[in-house]
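A closer look at the structure
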2 protein chains.
Amino acid sequence: MAVYTDVAADDLAEFLLAYDIGELLSYKGIAEGVENTNFLLHTSRGSFILTLYEKRVAAEDLPYFLSLMAHLASRGVSCPQPEKNRDGEICGTLSGRPAVIINFLEGVWPRRPNVAQCAGVGEALAKMHLAGRDFPLVRKNPLSVKGWWALFEQAASGADPLQHGLRALLHAELDHLDHAWPKHLPEGVIHADLFPDNVFFIGDKLSGLIDFPFACNDILAYDVAICLNAWCFEPDHSFNVTKARAFLNGYNRGRPLEAAEQDALPLLARGAALRFLLTRLVDSLNVPAGALVRPKDPLEYARKLRFHQSVNSIRDYGVETSGLVA
Amino acid sequence: MAVYTDVAADDLAEFLLAYDIGELLSYKGIAEGVENTNFLLHTSRGSFILTLYEKRVAAEDLPYFLSLMAHLASRGVSCPQPEKNRDGEICGTLSGRPAVIINFLEGVWPRRPNVAQCAGVGEALAKMHLAGRDFPLVRKNPLSVKGWWALFEQAASGADPLQHGLRALLHAELDHLDHAWPKHLPEGVIHADLFPDNVFFIGDKLSGLIDFPFACNDILAYDVAICLNAWCFEPDHSFNVTKARAFLNGYNRGRPLEAAEQDALPLLARGAALRFLLTRLVDSLNVPAGALVRPKDPLEYARKLRFHQSVNSIRDYGVETSGLVA
């Protein structure tokens, strides 16, 4: 949500000489991405996104994300594709920062996803999981169960002031998940952050998945569980079983969930809710003075966590086991 | 430099139904404009800028700016043109705010203007002044001499802490300008803020003038004086007489400065320097806590003011009087 680094037109034009993407016509800093600087470029060949990576840590993981996008795009997943320069490199340097150009995906993200869009994101997620099967790089998920304990340490002091009893809830849930977390479910490349603002549509037709900085190797059904949290609740926090059914059936059409994955889904959904509850709690305790971006409400995910705790089986998410396997 | 208002895709798509600009493909909040929210839209017909006006005061002056852009564009000035909706209106309502769509101008603004670009902006300014001659609406300049006294009242207390003696300089200069300010020079529509970030180029070719919220009716040569300040100094604050000559000759090719305007130019340039010195001083005293935008340096304009005080005639700006009239 910020432009941290201005780039002079001359410097940009010179940088672009190394690429075969046409003559620069215009560039605008866009208000997307919390940690990086993004520009929307128009050239004589079309539209592109230029990202300057502001943080060292992001640069370390760049090869994984960039190779993954290229890999997925080459297998028909609609996602941005990094542009190689004339030396075959996908990461250059501009204004002293790692700089990457990707093609621009048209589409808008749904502020209020409808049922058809939930079905679409299910299909796209399955397609992404299948396309990632032969991706050779590996990145462990730093925000899985073990990472949650570290977040808990940072967030614990702020829990009860926000909601009485929240700290105990977090601790008990972490304890439970740490012991019960499944160890033998199918794993692969997951997006790990496939919220509506990372999925573009033109009308109801999905036009692309974006923003892969959290992508990693983990349990595939955990990605499904994240989407259940991100797509299937209404603004009043009620669970919309019609959207969940559409999403799960959409996923199942591309990659049928195995019986063990179906059984584990309520637990994985609790884990996903806890993960976003913890990171939001940490973020809300670390708001820079005068920040323009309002931190997201952690308690939204406390409510979702309690909902998933009440779920007995995947049937409570709107689908019959048999229906999914069929 | 901010996106204040998010707009849901559905709301935007519905808003666009009233316009004949094609199907919405994407929209991005762009980091431009200090007081309004701007989105870059891609539609099946091309690119557009959607502006939501956040401040009441801006909305009051909208008819002047919007009519002016339409007027200038119809007379061949490269500037954005407001899109009319199917009812013939150029101002609608979106997310509870006045909302205007203009066509998108390709081009980049020069962070380091070169001589050819200075010549280009001179030509474009003259063309704009000529095109504005038959514009029927009138808006007095709220930031002319009388307005400067009000700014001085707000800024005076912060002057000496910034630079010893600055308050006395400001007061003496204001006194002088108030008495000496010319009363019989040609007037018309001026841009009043034609800094490099408001002028687009593709290479050295000027592609358009943007951002008319300060446009008003005032002394035409005062607009020339503003550009002398905005375009003809180097980052080390030295005056670049080659750029000034190119700029003034460019202007003169379109609209030759009269003898009285030439004589008044050093005084008008002092006024222009004082105006930006005062507004920057006021801005620097009113930075919201934690603001992301660093206020611009007022002292840059104290130096420019002192330079213009040392100027004897337009010859010191690099041109011969005869050369201009020729």
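Residues numbered from 1 in each chain as written. Chains lettered and ligands numbered in written order. Predicted model: local features only at pLDDT ≥ 70, side-chain atom pairs only at ≥ 80, totals over all residues. Heavy atoms only, no water.

1. Description of the overall build of chain A
Helices and strands together make up the secondary structure of chain A, namely 10 helices and 9 strands. On C-alpha atoms alone, chain A measures out to a radius of gyration of 20 Å, which is about the 20 Å that the 2.2 N^0.38 rule sets for 326 residues. Each principal axis of the C-alpha atoms in chain A carries an extent, and together these give about 60 × 50 × 35 Å. Long-range contacts, defined as pairs at least 24 residues apart, comprise 73% of the intrachain contacts of chain A with a sequence gap of at least 6. Of the roughly 14,000 Å² of accessible surface on chain A, 52% is carried by carbon and sulfur atoms. Taking the 31 positively charged and 39 negatively charged side chains of chain A as two groups, their mean positions are separated by 4 Å. (Helix = DSSP H or I, 4+ residues; strand = E, 2+ residues; numbered from the N terminus. Rg over C-alpha atoms; globule rule 2.2 N^0.38 Å. Contact = heavy atoms within 4.5 Å. Areas by Shrake-Rupley, 256 points an atom, 1.4 Å probe, with all protein chains shown as cover. Lys, Arg positive; Asp, Glu negative; His and termini not counted. Charge placed at Lys NZ, Arg CZ, Asp CG, Glu CD.)

2. Some thoughts on the domain arrangement of chain A
All names here are of chain A. Its domain assignment divides chain A into domain 1 (9-103) and domain 2 (115-317). One C-alpha centre belongs to domain 1, the other to domain 2, and the line joining them spans 28 Å. Every contact between the two is made by 15 residues of domain 1 and, on the other side, 20 residues of domain 2. Among the residues of domain 1 in contact with domain 2, Tyr-64, Phe-65 and Leu-68 are the three that bury the most area, contributing 37% of the side total. (Domains from an automatic or database assignment. Buried area = accessible area lost by both parts, 1.4 Å probe.)

3. Thoughts on the pattern of salt bridges
The tally for this structure, following the rule as stated, stands at 28 salt bridges over all chains. Asp134(B) is the salt-bridge partner of Arg75(B), the closest N and O atoms lying 3.0 Å from each other. In this pair, Arg75(B) sits in the loop between helix H2 (56-74) and strand S4 (92-94) while Asp134(B) sits in the loop between helix H3 (115-131) and helix H4 (145-162), placing the two residues 59 residues apart along the sequence. A residue is classified by how much of its surface remains accessible, and Arg75(B), at 39% relative accessible area, is partly exposed. A single network of salt bridges, built from pairs that share partners, joins Asp10(A), Asp11(A) and Arg112(B). (Salt bridge = Lys/Arg side-chain N within 4 Å of Asp/Glu carboxyl O. Buried < 20%, exposed > 50% of the residue type's maximum accessible area, 1.4 Å probe, protein only.)

4. A word on the relation of the copies chain B and chain A
With an axial shift of 0.0 Å and an RMSD of 0.0 Å, the rotation relating chain B to chain A amounts to 180°. What the superposition gives is, in effect, a two-fold axis relating one chain to the other. Counting the interface residues of chain B, we find that 100% of their copies in chain A are interface residues as well, pointing to one common contact surface. (Least-squares fit on C-alpha atoms with pLDDT ≥ 70 in both.)

5. Quick notes on the interface of chain B and chain A
Contact with chain B, which involves 33 residues of that partner, is made by 33 residues of chain A. Roughly 2,800 Å² is buried in total at the junction of chain B and chain A, and carbon and sulfur atoms are behind 58% of that figure. Where chain B packs against chain A, one counts 4 salt bridges. The partner of Asp10(B) in a salt bridge is Arg112(A), and the shortest N-O contact between them spans 3.9 Å. Connecting chain B to chain A are 13 residue pairs in polar contact (both at pLDDT 80 or more). Looking at the side of chain B that touches chain A, the elements that each hand over two or more residues are helix H1 (9-16), strand S1 (24-30), strand S2 (37-43) and strand S7 (199-202) of chain B. Looking at the side of chain B that touches chain A, the element that brings in the most residues is S1(B), giving 7 residues. (Polar contact = N/O pair within 3.5 Å; in protein donor to acceptor, adjacent residues only side chain to side chain.)

6. Some remarks on the packing of helix H5 (residues 166-180) of chain A against helix H8 (residues 259-285) of chain A
All names here are of chain A. With their axes 11 Å apart at the nearest point, H5 and H8 run at an angle of 135° to one another. The orientation of H5 relative to H8 falls into the category oblique. Considering only the axes of H5 and H8, their crossing is left-handed. Here H5 contributes Leu-166, Leu-170, Glu-173, Leu-174, His-176, Leu-177 and Ala-180 to the contact with H8, which in turn contributes Leu-267, Arg-270, Gly-271, Leu-274, Leu-277, Leu-278 and Leu-281. Class assignment of the residues belonging to the contact of H5 with H8 gives a composition of 10 nonpolar, 2 polar and 2 charged. (Axes fitted to C-alpha atoms, helices over the stretch in contact; angles between N-to-C directions. Parallel < 35°, antiparallel > 145°, perpendicular 65-115°, else oblique. Left-handed = near helix turned anticlockwise from the far one by under 90°. Nonpolar A, V, L, I, M, F, W, Y, C, P; charged D, E, K, R; others polar.)

7. Some points on the pairing of strand S7 (residues 199-202) of chain A
Residue and element names in this part refer to chain A. When S7 meets strand S8 (residues 205-209), the two strands line up antiparallel, connected through 4 bridges. Residue Phe-200 lies in a different strand from S8, and its bridge partner there is Gly-208. What sits between the antiparallel neighbours S7 and S8 is a turn of 2 residues, in which Gly-203 has the positive phi angle 65°. (Pairing = 2+ DSSP bridges.)

8. Thoughts on H4(B)
All names here are of chain B. Maximum bend of H4: about 55°, positioned at Ala-155. Turning to H4, its buried residues number three or more, namely Val-145, Gly-147, Trp-148, Leu-151, Phe-152, Ala-155, Ala-156, Gly-158 and Ala-159. Those residues of H4 that are buried are in contact with helix H5 (166-180), helix H6 (220-231) and helix H8 (259-285). (Bend = angle between axes of the 7 residues up to and from the residue.)

9. Observations concerning the environment of Val7(B)
Within the secondary structure, Val7(B) is located in the segment before H1. For the pair Val7(B) and Arg133(B), spaced 126 residues apart in sequence, the C-alpha separation works out to 38 Å. Other than its neighbours up to four places away in sequence, Val7(B) contacts Arg111(A), Leu12(B), Tyr27(B), Phe39(B), Leu52(B), Leu94(B) and Ser95(B).

10. Brief notes about the packing of aromatic side chains
Residue and element names in this part refer to chain A. Taken as a whole, this structure holds 30 aromatic pairs over all chains when the rule is applied. Between Tyr-27 and Phe-39 the ring centres are 5.7 Å apart and the planes differ by 65°, which places this aromatic pair in the edge-to-face class. In this pair, Tyr-27 sits in strand S1 (residues 24-30) while Phe-39 sits in strand S2 (residues 37-43), placing the two residues 12 residues apart along the sequence. Each of the two residues, Tyr-27 as well as Phe-39, counts as buried. Here the aromatic rings of Trp-181 and Tyr-222 are separated by 5.7 Å at their centres, their planes lie at 80°, and the arrangement is edge-to-face. Taken together, the residues Trp-181 in the loop between H5 and strand S6 (187-190) and Tyr-222 in helix H6 (residues 220-231) connect sequence positions 41 residues apart. Of the two residues, Trp-181 and Tyr-222, neither departs from the other in class, the shared state being buried. (Phe/Tyr/Trp six-rings, centres within 6.5 Å; stacked < 30°, edge-to-face > 60°.)

11. Quick notes on the side chain of Lys304(B)
Residue and element names in this part refer to chain B. If you trace the backbone, Lys-304 turns up in helix H9 (residues 299-309). Given the relative accessible area of 5%, Lys-304 is considered buried. Setting aside residues no more than four positions away along its own chain, Lys-304 makes contact with Asn-229, Phe-233 and Ala-273.

12. Concerning the pairing of S2(B)
All names here are of chain B. Burial within S2 is extensive, with 7 of its 7 residues counted as buried. Residues Thr-37, Phe-39, Leu-41 and Thr-43 point to one face of S2 and Asn-38, Leu-40 and His-42 to the other, with burial holding for every one of them. Taken together, the 6 bridges between S1 and S2 define a ladder with antiparallel strand orientation. Looking across to S2, one finds that Gly-29 is bridged to Phe-39. Across 7 bridges, S2 lies against strand S3 (residues 46-52) in antiparallel orientation. By the bridge assignment for S3, Leu-41 is matched with Phe-48. Hairpin connection between S2 and S3: a loop of 2 residues separates the two successive antiparallel strands.

13. Looking at empty space enclosed by the protein
To find the voids left in a structure, one rolls a probe of water-molecule size over its atoms. Taken as a whole and judged by the stated rule, the model has 2 cavities of 30 Å³ or more. Approximately 50 Å³ is the volume found for the largest cavity. Asn141(B), Leu143(B), Ala192(B), Phe214(B), Tyr222(B), Ile226(B) and Arg275(B) together form the lining of the largest cavity. For the lining of the largest cavity, the per-class residue count stands at 5 nonpolar, 1 polar and 1 charged. When its volume is computed, the second largest cavity comes out at roughly 40 Å³. Lining the second largest cavity are Asn141(A), Leu143(A), Ala192(A), Phe214(A), Tyr222(A), Ile226(A) and Arg275(A). (1 Å grid on protein atoms, 1.4 Å probe; cavity = no way out; pocket = protein on both sides within 12 Å on 5 of 7 lines; lining within 4 Å. Points joined across faces, edges and corners; volume = space filled by probe spheres on them.)

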